[in-house]
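Analysis of the macromolecular model
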Amino acid sequence: MTSDPMNNPNPQSPKQQEDEFFSGYSRWPKSIKSFFFKFIPLLFVGVVLFGVIVPRVHDQFNAGKFSRGEFQGLLVGEPVPHLLVPRKGKIESGSQFSRYLLSGFSKSAPPAKVTDHIGKWVQLKGTAVHRNNLTVVATGGAEPIDAPAGAPSAPEPGIPLGKFSLNGEILDGKCYPGVMKPGQGKTHRACAIRCISGGVPAVFRSHNEQGDPLYFLLADNEGKAVNKQVLDLVADPIQIEGEVTQYGDLFVIKADPSSYQRV
Amino acid sequence: MSVAYKSIQWNRTKIIYDLLLLAAIAIYLFLFTWSAQQISPDLEMLGIQIRAFGSAAFILLHVILSIGPLCRLNRKFLPLLYNRRHMGVTMFFLGLIHAIGFNLSSLPLLDKLPFKIPFKVTGALYWYHDFGDLDPIVSQFAGNTHYGSLVRFPFETLGVIGLAILFLMAITSHDFWLANLTAPIWKGLHMMVYVAYAALVGHVALGAIQTNRHPLLTVVVGLGLIWITVIHLIAALKERRGDQPIRNTAPATDNFVEIGSIYDIPNTRAKIVSVAGERVAVFKYDGKVSAISNVCQHQNGPLGEGKFIDGCITCPWHGYQYLPETGASPPPFVESVPTFNVQVRGDRIFVSTIPNPPGTQTPAAHIPPELEGQA
């Protein structure tokens, strides 16, 4: 039988140690017990190290934030529903409007209670998710209102910037700004496909020469949304060659989705 | 040890083992969440939890796969093997929570409690696939079907394959299934853990690593794979050396082969020899020598690394016991292993190359009294 180290303070010879035998239902032999008194703390040091370090080797952090609020603006339908909110204060240059993309709650397009009012001034409640200069407002309905006094009567016309060939990734306009972190890349692909399929605006993220992100709304040659046509290319590295038009601080790239190339 | 199928036959070792295991997992999950929050206060916590449970399962799988080879290399690790199945089932549940989440508060009885249990975790299936225009399960398999491309390969499917194998292993982990499926089939099923490991390495490599591209993440997963491969190779090489034919011995006569001297074997211990391609454990005890199959009926543990205790050969893995002269477990237990006829001529031991059916009464060979003292 094995010796019980608690009742046997005499040190063991190497031969005795060799003859020790572990069975789960008996008392532990002394040499195995002392081995585990060292090994288990070591295991727990490993647990602590992994627990602290592993979350830091995941690129899951971005500055996207949520804020609930009430927004008043001009509702525009194409290429995707978005809200033009007059900028407050003195605007010396740039657009008179901030442009907020619209989605429904969960992975869906804004509901008819919103899109029925396209072309009108509306007030809506929702959750704004924003990252850099990309903002989406998730909302369940909109109320028509009179145009606020002093507001611009119509959005400025688009400025054609010419033909560009851009490399980047198709993202959904809701998770990427901050609903999910990260809301891009392969692990997020399935979610982005469901979002875009459900009607959340498809956004193309490219970058300038300095590496700063640039966002483009995707539209076909007629300026319509392309959601259903781009599902298979979501989250893949792709190249789009198309006509870029600037609407204030919003860029739209028009191209036939069948011409998008994986790179 | 095995006759009555209780759900779990608890003992002190198993209780301490499980408490340490659960404590380690709880500490890991807590630290993972805490550490993530230290970097950014406005993280999306559901995604963090998915990663916490997934990484916990993946790390624990490495620990589980290390136990077998470590025990082959150093017997001091055997207590880790003793309750390895609890670790395996726990790992499966961590993977399952990573995939489909966990919601205690929705259990029918618990929602009647006067207090709310806050513990709720959202799984990857719901977080990434739900709330859309397809059923999450359909989205899981229909969303990405680029099986022909490595870069676009649906890494989620590899996770499903790994989890399905772990599920089969978890539901058959009880000794009831071990006895009824028979040890070779059960062992074969549970060797599928290596297929699960391969699938899960692919799941991590083509998912988290491909997306995050953090060099340290790649290095850690790569080192894990190298570690598992290398310790298995080292353990296999050691095992192989033990299977080398016995040298400097007389050729087999009358179906008996010489396997060495009585002086080679410590008292109450065994020498493992390869006889006619089968591993045989030759035990020396009480002035006698007996030989039985080296393969324990329970989980194919190496009986020859066991010890003769209380009149029985005792397996080093889970303490299953066999009488040396019959190869049968003492009543009321029912396991039995093949025995081998043994002769002692002078100090030399000869073992029959033909096994006797399990449980056959096989007289032990007596060590000559004049040699017994020296042996």
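Worth saying up front: this structure is predicted, and the values here are computed from it rather than measured.

1. What about the domain arrangement of chain B?
All names here are of chain B. Looking at the assigned domains, one finds that chain B contains domain 1 (12–242) and domain 2 (256–372). A straight line from the C-alpha centre of domain 1 to that of domain 2 covers 39 Å. Residue-level contacts link 14 residues of domain 1 with 13 residues of domain 2. Taken together, the connections running from domain 1 to domain 2 amount to two salt bridges. Linking domain 1 to domain 2 there are seven residue pairs in polar contact (both at pLDDT 80 or more). When contributions to the side of domain 1 that touches domain 2 are tallied by element, the ones reaching two or more residues are helix H3 (78–82), helix H4 (84–100), helix H8 (175–181), helix H9 (183–191) and helix H11 (215–242). Looking at the side of domain 1 that touches domain 2, its residues break down into six nonpolar, one polar and seven charged.

2. What to know about empty space enclosed by the protein
Summed over all chains, the structure comprises two cavities of 30 Å³ or more. In this structure, the largest cavity encloses a volume near 80 Å³. Taken together, Lys186(A), Arg189(A), Ala190(A), Ile193(A), His129(B), Ser139(B), Gln140(B), Gly143(B), Asn144(B), Pro154(B), Phe155(B) and Glu156(B) make up the full set of residues lining the largest cavity. Looking at the lining of the largest cavity, the elements with two or more residues in it are helix H5 (189–198) of chain A together with helix H6 (136–142) and helix H7 (155–171) of chain B. No other element matches H5(A), which puts three residues into the lining of the largest cavity.

3. Things to note about the environment of Gly277(B)
All names here are of chain B. Secondary-structure assignment places Gly-277 in the loop between strand E4 (270–275) and strand E5 (278–285). Judged by relative accessible area, Gly-277 falls into the exposed class, the value being 72%. Each C-alpha atom, one on Gly-277 and one on His-62, is 32 Å from the other, the two residues being 215 residues apart in sequence.

4. As for the side chain of Arg51(B)
Note that Arg51(B) resides in helix H2 (residues 45–73). Within the buried core, Arg51(B) has no salt-bridge partner, and the shortest N-O distance to an opposite charge, that of Glu44(B), equals 5.1 Å. In contact with Arg51(B), other than residues within four places in its own chain, are His58(A), Gln60(A), Lys181(A), Pro182(A), Phe32(B) and Tyr128(B).

Rules used in this analysis
Residues numbered from 1 in each chain as written. Chains lettered and ligands numbered in written order. Predicted model: local features only at pLDDT ≥ 70, side-chain atom pairs only at ≥ 80, totals over all residues. Heavy atoms only, no water. Domains from an automatic or database assignment. Contact = heavy atoms within 4.5 Å. Salt bridge = Lys/Arg side-chain N within 4 Å of Asp/Glu carboxyl O. Polar contact = N/O pair within 3.5 Å; in protein donor to acceptor, adjacent residues only side chain to side chain. Helix = DSSP H or I, 4+ residues; strand = E, 2+ residues; numbered from the N terminus. Nonpolar A, V, L, I, M, F, W, Y, C, P; charged D, E, K, R; others polar. 1 Å grid on protein atoms, 1.4 Å probe; cavity = no way out; pocket = protein on both sides within 12 Å on 5 of 7 lines; lining within 4 Å. Points joined across faces, edges and corners; volume = space filled by probe spheres on them. Buried < 20%, exposed > 50% of the residue type's maximum accessible area, 1.4 Å probe, protein only. Lys, Arg positive; Asp, Glu negative; His and termini not counted.

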